[in-house]
Structure formats: C-alpha cells, structure tokens
Amino acid sequence: MKIVYTDVLVIGGGLAGLRVGIGARRRGHEVTILSLVPPKRSHSAAAQGGMQASLANVIKGQGDNEDVHFEDTVRGSDWGADQQVVRMFVNTAPKAVRELAAWGVPWSRVRKGDRDVIINGQKVTITERDEAHGLVAQRDFGGTKKWRTCYVSDGTGHAMLQTMSDQAIGNAIPVHERVEAIALIHDAGRCYGAVVRDLVTGELKAYVAKATAITSGGAGRLYRVTTNAVICEGIGSALALETGIATLGNMEAVQFHPTAIFPAGILVTEGCRGDGGLLKDVDGHRFMPDYEPEKKELASRDVVSRRMEEHIAKGKAAKNRFGQHLWLDITLLGEKHIRHNLREVYEICQYFMGVDPTKDWIPVRPAQHYTMGGVRTNHTGQSPTLKGLFAAGEAACWDMHGFNRLGGNSVAETVVAGMIVGEYISDFCDKIENDIVIPTRIIHDFLRREQMQIDTLLDGPGTEDAVALRVAMQEIMTAKVGIFRRGEDLAAAVDELQVLLQRSRNIGVKYKSRGANPELVAAYRVRKMLKLALCVSYGALTRTESRGAHFRQDHPRRNDAEWLKRTLAAWKGEADTLPTLAYEALDVGAMELPPGWRGYGAKDYVDHPDTPQRAVVVAALKQKMADAPRFAVQEALMPYTSLLPERYRGRNERIDEPLEAAE
Amino acid sequence: MNSAVVNVVPRNNGANGARRKLAISVLRYNPQDPASVPHMQTYALEEADGMTLFIALNEIREKQDASLQFDFVCRAGICGSCAMVINGRPTLACRTLTKNLPAQITLAPLPYFELIGDLSVNTGKWMRGMSERLEGWLHMVDPDPDLRRIEQRMDPDLADKIYELDRCIECGCCVAGCGTARMREDFVGAVGLNRVARFRLDPRDARTDDDYYDLIGDDDGVFGCMSLLACHDVCPKQLPLATQIAFIRRKMVRAGLT
C-alpha cells in the first residue's frame, strides 16, 4: 500500500488550485498539487477576455468601485448569489490584479491621450487621462456598468496561468502531473485526502492530508456542445458528491456562452462584443437592440444567449452545411485592433474555419460554457458538512455567481478564491486540533474498494460501452437540459439519464491494459459524470421558475416567493439513481441589495414576501446616511469585513480615491 | 520565416464529389508494455467536413483502436498539449485541418521528449525541469507589495512586448525541431531562451545580465544554438525566436566579457 503524506492536497492545477497552493506554501505548509495535465495546459488558459476588478483606471471606468462591481455581480446572478461572498470578492479583486501585476502578468496598460473606440456600433474618440498612463487598462464586458475587465490582449487566462504556474515553481511546490483523484478518503465526517490513479502506469496510491482542496474546474463535458476543454468533466465535484456527505450547490445553473464558433464550439471572447462587435442575423440585421434596448449585445450572457436562440427560432438564422447559426461581426473594429487585441480570435477563425475576421463575419451559436454550481462551501471555502474538504474556483459554490456569472468574473474568482481559501486552509492546518489521526485500515479499505472497481471494469462480466454511454448522456443534456428548458423534456432527460446510470454499473472495458487506457478512464468517469448530469437535470426539473441561466419555458417568471433558495444535491446511497435535493433559503432581510429588476432581460418576477420591507429599510438607511462615506453605508447595510482573512482586508486605492482620503 | 499560416486549396470536400479516404499512419510504441515494439500502424477513415486531427484521432480511438495514446486538452490551439510530428513537421494537431493535408498522413510523437506512449510525450516534465533550471519565474524587486496601493506603472508598449514573448505555450515544437537538442541533451532550447528574454525585458524582475549569464552563458544555453532556426519556422505562435536568440546571445557575450 503506497501512502503519500502532505499537509494540503490540492486536486486541480489551474489558477485556483495553484493560488491555494501558493497561499498555503507561503504560510509554511507542505503542499502537493495533483493535475491531470501539466498545469500550464489547464483550462484556465482558455479564458481570453479578462478579469474584472474595479480599478477605474480607464476613463470609461471612472467612478467604478467595489459598490458598482457588487451590484453588477448580484444583478448578474439574478439574486442567487451570497451577497457577503460577493462583497468579499469585489474587495479582493483589485488586490488580486495588483498581486498578479507584481508577480509578472503583462497586463495591457493605459496609454494617455485620444483613442478611437467602437461603442454601440459608432466610432467614438475617448481621451485617457495623463495620470492613468501606464496603469492596468480595462475593457467593456457584458452586464457591467463600467469598463472593468482587466486584460492581457485576448490571452488573459494564458498570461495569468503562466505567471501563477511560474510562481508555484518558484515556491518549489510539487505538481504531480498526469494523475487523477478517483475517490476522497473520509471517515465520520472528516476528509483525509484521496485515492489517486497514475494515468500512465495505472498504479493507485493514497494521498493523505490534513486538508484537501478541490479546484478541478467545471463540468462542461456533460454536454455535447461546449466551449470547455476535454478535461472539464466535473470529476472533482463528483468526488465530493460521492462521499454522500458533501453537497453540490445549484448544479442546474449552467451558463451558455453566446459566441462559440459554429459548429466546433470553440470560444471567441466576450471581448469581441465588449470592444464593439455586433451580433447579426441572416439579413445582416443587428437584432439585439430589438430585444434589449438598454444593454444590447452587452446584456448578461444568459440573456444574450436566450435572445439569440429566440431569434433563431423566429427563422432569422443563417445556415451553413452544419446547420443554423448567427453572425458575430467584428470587422468594424479594424484590422489593427483585431490583430493586436483580439489575436487569439484571429488565429482561431483562421485555423479552424479559414475565416478572416477582419473582413468576414464569424458564424456563432451559444454553447455550454460555465458551471455556476459546484461543491457547496462556506465563505472560507470549507464544506459545511465534510470537515477538511475545501473547494475553490469553478468547482466550488461558495456562492458568488448565483444563477449566472458575469464575463470576466471567473478568472477573477479563481485567483480571489485562491487567495482567500489559501489563507483559511492555512488557518485550518495551523490548529493542532485539526491534526489527523487515521488508522491505515481505513485508507486501505478505500484503496481496495477503488482497485476492485477498476478490476471489475477490466475483468468483470460487464458488457456496456463506456464511450457510447458518455455520448448518449451528452446528447440528452444538449437536447433537453439546455438554454430553454421544459418540464416534460427535463422529466424525460431525468428518466433517460437514470437508465444510463444503471447501465453504467454494467460497463465492460474491452481494452484490457492496466496502464494508460483511455477507455478505462472513460468508464470510471462516465459513472461520475452521470451522477452530475442527474444533479443538473433533476435540479432543473424541480426548480419550477426561471432564474439567471436556468430558464423554464413552462415557468418563465423568476419566483422569489418560492425559489429564492439554493439547491443542495447529495448522493446518499451508492445504489441510488437520483440525488437527494434539499434547499437553503437566502435571507432577504440581510441583503444589501434586495431583489429587483436586473436592468436587462425580463421585468416580470414574483417578489419574496420580505422584499418590500427590506427595500424600505435599505432605502431609509441610505437616505439617512446620504452624507456618510460609502464604506460606512455599506457597513451599516451588510457587514462583511470580518469574513475576510486579515491579510486581504483594507480598501483599494484608485486615482480618484486616494487611500489616505478613503481611510 | 514565420509564414506557417494556412494557405492551402481545399480539396474535394462538400458538394461536388465523394469524401476522401484518409490513411493515417501512426508510429506506435508503448514503453510501459514489455511486449511492445515500435512500428507503424495505418488507420483508414473517411474525411468529414471541417475535420481536424483532433476529430480524426478521437474517431479512430472510439471506433477502431481504444489503445491509441495521444494528448488533447483545449482543442483550440491555446494549451500546447497536442504537438506532434505531422508529415515530418512538428506542429499542433488540434488546429490542423485534414483538408490541408494529403490523404496519406503520417503522425509521430515529438522526438527528444520522454515518450509516454504512441503520440503522447512528457513535455510537462521537461518544461518544469527547464523552468527550475532557468529559475523561470519573475524574481520580484519587491516581494511583498502593498496590494491596497495603485499598481506600479509600465509603459504600454513594453507591456505588449513582454506579452509577445509570454505567448509561448510550451508545446515543445521548437525543441523537437532543434538541431542542437539532438546533440546536447541538456540544451535549454528556444523555449528556455525565450523565457530568459521575457524576464530580461521585464523591469519588475530584479535579475541582471550577470545573473542570466550564470543560467545560460554556456553551450547548454545560448552559446549552444547553431542558428539553424527551425524553432522559429515551426513555432505555432510565431514567436520572434530568431531575433530573441540573436539578441540574447549578444547580451550574454557582453556580460561574459565584462
């Protein structure tokens, strides 16, 4: 029996995992990071457009601050987010950009003086301030009141991941590559690490740790059409679910990105629209202003994706040999801008479609893009039910995105959550009472159980084909649990997925190698993925309202009276074919921003009974404190500072908000 | 140079004729299996519209041969996982359209790197080793900046120049195409020299040319390069490797002489 000991075991080597690891390492803990792939190949690298942080350096960002970022994020979430967590996030995001600036990210910088930009289809000249020259620049993104998205050309995630991974190497943090956690080791409500399979040799080892962090990203590959990398199969979240003790939050909240190239599903960044690109239909008509006069192409992603599908359903799609799509027109941005600020887009169009986006329109259609749900944690990143298990980034639901994430808030979350959870996981490990005492018998039992499952897949009597099951699942999810959802489709999806799950218990792997064996990997993963798919589809079936990215045609209104609550999915028994759902109410009485209209999308919703009362209290307090500094008003409405690790408390300096004056 | 842009006439796809039959020959070998010997294996499959080698290889694995090993992650030309030798040239498989290749396609793993199996090589391990050797992280002038304060300024053009070199995806094509790497096992490759050039350009890095000389001022570093410059020709991100290596060599000569 091989056992590896470490203080902090991090499952996933993308931005969130690396940042958690660096945080814990700097606090003196031994860290081991597990990664399916070399960390610089993680899906974080695919984030193109940028990272939201209210630095307010560019002129179009002037007046931006934590309050504005907070409101945009809560509206974006359709009031599904935990507002205290959003506050923690927006206050830490500027520090995260500044930390990364110090660590080496070559953020695009402000250049003083005049420049031409495209706003609402028109060329406009704006003048950047002298005092902003050389500071980190921001661009426009969907669902934001100010230009807030910091960027590195359109390779933001790539540049961030390079720097983060470099710093992890500089901190001598070992990353075990090409290994995969296949089960969490736990006993009596305490997590002790994971059983880990070497993807090259097939060997199983136990990694035992005081604290285990799941930072393995999203579950896009539950769907056939997704922008996600092939490794984004949600396995980390599934490991937590399979403990039967940890829960997953809001798995039905799945984001579809408006501009995936059609049909390959490869992302072209929201920065295309943020920088002035337009969506057009078969007639070359710019249709978004017809639906969303306020925000047009730059409403939140859930809204834009729905409007696009709605427009396609009206017969306004263009067609190519693969099917129906719409157009993204960025030609008006000019060749210099595209080849400089949108060069990944340029390369993708050129290599995958032979399209020159400086001259031609890009065929696009919405595709699965982001998993808002994930391992339910508190604000420290720890599971409230399984001690010693932490999660951060897309794999987590702590919960700052609610039912829709804003563009630019995901890479921001990975780093911010990494900073915060890295501190809290260190606090956890510092405490003597959190030292672990675990009999090797328990570790051995988990190892043996997992080895037996693999042996059965290879040598057992099973006859089902793992890849066929995965394809069937992906088809069901794309066809029936997509952008527009209906009760009958969802019920059918739940039934069909349950059948697939039962069949998956009878998989026989035809290629018998115990070492590198992609068919074997597909076999044990598809069982986990089907459980996640059932959390998504059953959660969507049960939630009889529309909120954010979860849109029910048979229940088109947001219903705060009944559904202002978070779905918690648990997998109680290994023989179960459905998750056990429970709900956690959001407390309107504690909200800084009481529920209302988002400022885009449908205006029609059912109020929570506590909303009018809370709205009156908030309005009265704001009026009473009309002359008070904004920090005092915020503190009075919803205190949160004590929730932040001490290291990351404190205000953020801006050109128009010097630190001395702010304090 | 730097002309790797796709510019090929589409052949026989779509409306006017039968789909092409592709013959994809793969250099197979599984070092984990004592019975395995290196050999070529050819798979036949029908070309589809918009088919990339990502699509073709997955189809082969799902329908013909579950044992075939290869690596893809982003399948969008961003992550650098899928570099392999395609008809003799190292490049990214995910963004290679089959319609731009003849019907006979020969695939081999990147040379030089440790072979995991078939088309899968351990670039990750090599890149980490290179990075440790070259101390390939920013050595901060101020290791504990006050994060509440406005960030340090940087000239916008300089930020762009640094990003230009930071676009490297560590795919390994430059090393696979390198003549020096064939002869010198410990050569840091264009990828390594480009890393040094990137940090050298960055005023946030505290190191001097003397420090860099200690890292690359020998035949396993910048003086090992014979200027064959295949690295520059095959770089899928069109990094300016020829210029950077020449520039760094000049700077290191000066550092070595003073």
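Coordinates for the structure precede this section.
Residues numbered from 1 in each chain as written. Chains lettered and ligands numbered in written order. Predicted model: local features only at pLDDT ≥ 70, side-chain atom pairs only at ≥ 80, totals over all residues. Heavy atoms only, no water.

Things to note about the state of the cysteines
Argument step 1. Inspection of the entire model under this criterion finds 0 disulfides over all chains.
Argument step 2. As a non-bridged cysteine, Cys535 of chain A has Cys397 of chain A as the owner of its nearest cysteine sulfur, 12 Å distant.
Argument step 3. Looking at the unpaired Cys235 of chain B, the closest cysteine sulfur is the one in Cys171 of chain B, lying at 6.4 Å.
Argument step 4. Given a relative accessible area of 9%, Cys235 of chain B falls into the buried group. (Disulfide = S-S within 2.5 Å. Buried < 20%, exposed > 50% of the residue type's maximum accessible area, 1.4 Å probe, protein only.)

Remarks on the environment of Val467 of chain A
Argument step 1. In this fold, Val467 of chain A is placed in helix 13 (residues 466-480).
Argument step 2. Relative accessible area serves as the criterion here: at 15%, Val467 of chain A is assigned to the buried category.
Argument step 3. For the pair Val467 of chain A and Pro518 of chain A, spaced 51 residues apart in sequence, the C-alpha to C-alpha distance is 9.8 Å.
Argument step 4. Ignoring any residue separated from it by four or fewer positions in sequence, one finds Val467 of chain A in contact with Ala522 of chain A together with Glu62 of chain B. (Helix = DSSP H or I, 4+ residues; strand = E, 2+ residues; numbered from the N terminus. Contact = heavy atoms within 4.5 Å.)

Points about the packing of helix 1 (residues 15-26) of chain A against helix 11 (residues 409-430) of chain A
Residues and elements named next belong to chain A.
Argument step 1. Their axes nearest at 7 Å, the elements helix 1 and helix 11 cross at an angle of 30°. Classified by the angle between their axes, helix 1 and helix 11 sit roughly parallel to one another. Crossing of helix 1 against helix 11: the hand is right-handed. Across from Leu15, Ala16, Arg19, Val20, Gly23 and Ala24 in helix 1, the residues of helix 11 making contact are Val411, Thr414, Val415, Gly418, Met419, Val421, Gly422, Ile425 and Ser426.
Argument step 2. Its residues placed into classes, the contact of helix 1 with helix 11 shows 9 nonpolar, 5 polar and 1 charged. (Axes fitted to C-alpha atoms, helices over the stretch in contact; angles between N-to-C directions. Parallel < 35°, antiparallel > 145°, perpendicular 65-115°, else oblique. Left-handed = near helix turned anticlockwise from the far one by under 90°. Nonpolar A, V, L, I, M, F, W, Y, C, P; charged D, E, K, R; others polar.)

Some words on the side chain of Thr577 of chain A
Residues and elements named next belong to chain A.
Argument step 1. Position of Thr577 among the secondary structure elements: in the loop between strand 22 (565-570) and strand 23 (580-585).
Argument step 2. There is a polar contact of 2.7 Å between the side chain of Thr577 and the side chain of Gln498.
Argument step 3. If sequence neighbours within four positions are ignored, Thr577 has contacts with Gln498, Leu501, Gln502, Arg505, Leu534 and Trp571. (Polar contact = N/O pair within 3.5 Å; in protein donor to acceptor, adjacent residues only side chain to side chain.)

Things to note about unusual backbone geometry
The bulk of non-glycine residues show a negative phi, and the bulk of peptide bonds are trans.
Argument step 1. Note the cis peptide between Phe262 of chain A and Pro263 of chain A, where omega equals 5°.
Argument step 2. Tracing the chain through its elements places Pro263 of chain A in the loop between strand 13 (254-261) and helix 6 (271-274).
Argument step 3. The omega torsion across Trp398 of chain A and Asp399 of chain A is 15°, close enough to zero to call that bond cis.
Argument step 4. Among the secondary structure elements, Asp399 of chain A is positioned in the loop between strand 20 (396-397) and helix 11.
Argument step 5. Positive phi outside glycine occurs at Asn87 of chain B, with the angle close to 50°.
Argument step 6. Position of Asn87 of chain B relative to the elements: it lies in the loop between strand 3 (83-86) and strand 4 (89-92).

What about the pattern of salt bridges?
Argument step 1. Under the definition given, this model contains 91 salt bridges over all chains.
Argument step 2. Residues Lys40 of chain A and Asp166 of chain A are paired through a salt bridge, measuring 2.8 Å at the closest nitrogen-oxygen approach. Note that Lys40 of chain A is positioned in the loop between strand 2 (31-35) and strand 3 (51-52) and Asp166 of chain A in helix 4 (residues 156-170), a separation of 126 residues in sequence. As far as the burial class goes, Lys40 of chain A and Asp166 of chain A line up, both buried.
Argument step 3. A salt bridge links Arg195 of chain B to Asp166 of chain B; the shortest N-O distance between them is 3.6 Å. (Salt bridge = Lys/Arg side-chain N within 4 Å of Asp/Glu carboxyl O.)

Description of the packing of helix 2 (residues 66-76) of chain A against helix 3 (residues 83-103) of chain A
Residue and element names in this part refer to chain A.
Argument step 1. Running from amino to carboxyl end, helix 2 crosses helix 3 at an angle of 135°, the nearest separation of the two axes being 9 Å. Between helix 2 and helix 3, the crossing angle belongs to the class labelled oblique. The way helix 2 lies across helix 3 gives a crossing that is right-handed. In this structure, helix 2 contributes Glu66, Asp67, His69, Phe70, Thr73 and Val74 to the contact, and helix 3 contributes Gln83, Val86, Arg87, Phe89, Val90, Asn91 and Ala93.
Argument step 2. When the residues that make up the contact of helix 2 with helix 3 are grouped by side-chain class, the tally is 6 nonpolar, 4 polar and 3 charged.

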